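Architecture at a glance
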Amino acid sequence: MVMKYVGTEAEKAKSELLLSILGTRGVGWEGKGFTLQEIDTLRLWAMSKALTIAGGSSEIQLNLIAQKVLELPQS
Amino acid sequence: MALVLNEEQRLLRDTAKDFLGKHAPVAALRQLRDAHDPIGYSPELWQQMAEMGWASIILPEAYGGLDFGFLGLGVVLEECGRTLAASPLFATAVVGASALLLGGNEEQKHALLPCVADGSLTLALALEETHHHNPTFITTTAKIQSEHFVLNGSKCFVLDGHSADKLIVVVRTGGTERSTAGLTLLLVDRDTPGVNCRRTLMADSRNAANFRFDNVVVPAENVLGAINQGWSILEPVLDRGRVAIAAEMMGSALEAFERTVTYLKEREQFGALIGSFQALQHRAAHMQADIELCRSVVLQALSTVDDAPHQLPPLASLAKAKLNELAKLVTNEAVQMHGGIGVTDALEIGFFLKRARVAMQIFGDTGYHKDRYATLSGY
């Protein structure tokens, strides 16, 4: 639960940081004018959005951490 | 300072909403993308926009303009942001027209502005030379040789570059590598020999291009403003552009947010509407608060262009910085709250996400504008 939550959120944050650093070179989708690595960075950024949704979203992980790990009462 | 719209502006908004909903919905951008459209927007659509006066919305009546000011422009841009409408509105009618208006001599204005107004002339500002907005870092040179300039250098991230009829190229004719002194603005026909243009395909499926200039010969009378004094035109042009793109981003953020709130009220999970979960309610409420703040910031910046342009620089940076942050937050939350379908291309939310990341780079990212705001505030 914690691993899934922390790991996927960190991946998403890393991708956003890479885009900020690359500036206009980080928003190339395809074709000439960008390196393969730059295009891959954007594609991985787009994919990173799915990581915190698929296989139990971050919201579900937080529910589980709150209820199973911390044993907080359910509403 | 007007922080609410008047009757005329409300009418303009309703007209724009109706027109764009019919002729330029998000589906139109998808179609342009999927068809690999060589122009990147519909010239027919632009002609219709021009007929409605959108191309001349900020131009004085003397040049065939509608003279509705930036508040009027902002209303239209916000609606364009809602449907992600691809058109030369920003590059030509805001940035290009502002450069001509603020920098052009009477002869240039009378020759070119009516053509902007009727939609027959499109423009693009060729400014950037690095991957982060840096408007004084100009190494493209223009050597003066008797009756003309000879241009050499490269430009990137030129919005509408590959489709515009004329470029406004920022060149260095003096000063040092990063000085504001020594910059000059030149009008260059895109089909001049030695102008090499390469379109770039960006995440937002809108128009941008890279340029290389090899010994491009430009007549001396094509200077906008005075030689070496280009910064005095460029800076206010950029600030107008920043405010305008912030208005467009406001519309996109509102649309993505409203679609998300609608989804929270419809989607059931664990036998309940997901909008009934307090964790999501708080996040939505937080965005609502940010949106109201940003709306005031954008309105204030737009009306400052019309009423007190000398006060514009900090407000333009404030607007762009705030809207960059809002665009990022709202589009990320829109995708996350839509869940699995939010990341698919079938849903339009992804178009808003990708447009936001490109718009965030236009004329300065968040860091650039926070730094500029601090500097202008004396820090």
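Here is what the cut-offs are and how they apply
- Residues numbered from 1 in each chain as written.
- Chains lettered and ligands numbered in written order.
- Predicted model: local features only at pLDDT ≥ 70, side-chain atom pairs only at ≥ 80, totals over all residues.
- Heavy atoms only, no water.
- Helix = DSSP H or I, 4+ residues; strand = E, 2+ residues; numbered from the N terminus.
- Rg over C-alpha atoms; globule rule 2.2 N^0.38 Å.
- Buried < 20%, exposed > 50% of the residue type's maximum accessible area, 1.4 Å probe, protein only.
- Contact = heavy atoms within 4.5 Å.
- Areas by Shrake-Rupley, 256 points an atom, 1.4 Å probe, with all protein chains shown as cover.
- Lys, Arg positive; Asp, Glu negative; His and termini not counted.
- Charge placed at Lys NZ, Arg CZ, Asp CG, Glu CD.
- Domains from an automatic or database assignment.
- Buried area = accessible area lost by both parts, 1.4 Å probe.
- Salt bridge = Lys/Arg side-chain N within 4 Å of Asp/Glu carboxyl O.
- Polar contact = N/O pair within 3.5 Å; in protein donor to acceptor, adjacent residues only side chain to side chain.
- Core = buried A, V, L, I, M, F, W, Y, C linked by side-chain atoms within 4.5 Å.
- Pairing = 2+ DSSP bridges.
- Patch = residues over 30% accessible without salt bridge, like charges linked within 9 Å, V, L, I, M, F, W, Y side chains within 5 Å.
- Phe/Tyr/Trp six-rings, centres within 6.5 Å; stacked < 30°, edge-to-face > 60°.
- Lys NZ or Arg CZ within 6 Å of the ring centre and 35° of its normal.

1. Some thoughts on the overall build of chain B
Across its full length, chain B holds 11 helices and 10 strands. Against the compact-globule benchmark of 21 Å for 379 residues, chain B has a radius of gyration of 21 Å, which places it among compact chains. Projecting the C-alpha coordinates of chain B onto the three principal axes gives extents of approximately 80 × 50 × 40 Å. When burial is assessed residue by residue, chain B has 57% of its 379 residues classed as buried. Sequence separation of at least 24 residues holds for 75% of the intrachain contacts in chain B that already meet a minimum separation of 6. When the accessible surface of chain B is totalled, it reaches about 14900 Å², and 54% of it is carbon and sulfur. For chain B, the distance from the average position of its 33 positive side-chain charges to the average position of its 43 negative side-chain charges is 7 Å.

2. Considering the domain arrangement of chain B
All names here are of chain B. What the domain assignment reports for chain B is domain 1 (7-122), domain 2 (124-229) and domain 3 (232-376). Domain 2 puts 18 residues into the contact, and the matching count from domain 3 is 15 residues. Overall, the association of domain 2 and domain 3 removes approximately 1400 Å² of surface from exposure, summing both partners, and the carbon and sulfur fraction of that is 69%. For domain 2, the biggest contributors to the area lost against domain 3 are H133, F157 and D204; these three give 33% of the whole. Connecting domain 2 to domain 3 are 2 salt bridges. Its salt-bridge partner being R355, residue D204 comes within 2.7 Å of it at the nearest N-O pair. Along the contact surface separating domain 2 from domain 3 lie 4 residue pairs in polar contact (both at pLDDT 80 or more).

3. Looking at the nonpolar core
Residues and elements named next belong to chain B. By size, the foremost hydrophobic cluster in this structure holds 116 residues, and its most contacted members are L20, W54, F90 and L125. The element contributing the most residues to this core is helix α7 (residues 231-266), with 18 residues. Filtering out sequence-adjacent residues up to four positions away, L125 remains in contact with V95, V158, I168, V170, L234, L238 and F363. Judged by nonpolar contacts, the second largest core, of 19 residues, contains V171, V188, V216 and V218.

4. Focus: the pairing of strand β4 (residues 166-172) of chain B
All names here are of chain B. With 7 of 7 residues buried, β4 is to be regarded as a mostly interior element. Alternating positions in β4 separate into two faces, K166, I168, V170 and R172 on one and L167, V169 and V171 on the other, with burial throughout. Bridge count for strand β1 (residues 123-126) against β4 is 4 bridges, and the pairing is parallel. Note that in β4 the partner of L125 across the bridge is I168. Bridge count between β4 and strand β5 (residues 183-189): 7 bridges; the pairing is antiparallel. Note that in β5 the partner of L167 across the bridge is V188.

5. Quick notes on a nonpolar patch on the surface
Side chains of M1, V2, V6, V69, L70 and L72 of chain A sit close together on the surface and give an oily, nonpolar patch of about 540 Å² of accessible area. Note on placement: M1 of chain A falls in the segment before α1 (2-22).

6. Notes on a negative patch on the surface
A surface patch of like charges, here negative, comprises E61, D67, D306 and D307 of chain B. Classification of E61 of chain B by relative accessible area gives exposed; the value is 60%.

7. A closer look at the interface of chain A and chain B
Often the size quoted for an interface is simply the accessible area lost on bringing the parts together. Across the boundary between the two partners, chain A contributes 26 residues, which contact 28 residues of chain B. Between chain A and chain B, roughly 2100 Å² of surface is buried when both sides are summed, and carbon and sulfur atoms account for 63% of that area. When the area that chain A buries against chain B is broken down by residue, the three leading residues are T24, V27 and I53 of chain A, summing to 27%. Applying the counting criterion to the chain A and chain B interface returns 2 salt bridges.

8. What to know about the packing of aromatic side chains
Tallied over the entire structure, the rule returns 4 aromatic pairs over all chains. Between F19 of chain B and W54 of chain B, the aromatic rings sit 5.5 Å apart at their centres with planes inclined by 80°, giving edge-to-face as the arrangement. Linking F19 of chain B in helix α1 (residues 7-23) with W54 of chain B in the loop between α3 (43-51) and α4 (69-83), this pair joins segments that are 35 residues apart in sequence. Across the pair, exposure class does not vary: F19 of chain B and W54 of chain B are buried alike. Sitting above the plane of the W29 of chain A ring, R43 of chain A keeps its charged end 4.0 Å from the centroid. Stacked on the ring of W29 of chain A, the Lys or Arg K354 of chain B has its end atom at 4.2 Å from the ring centre.

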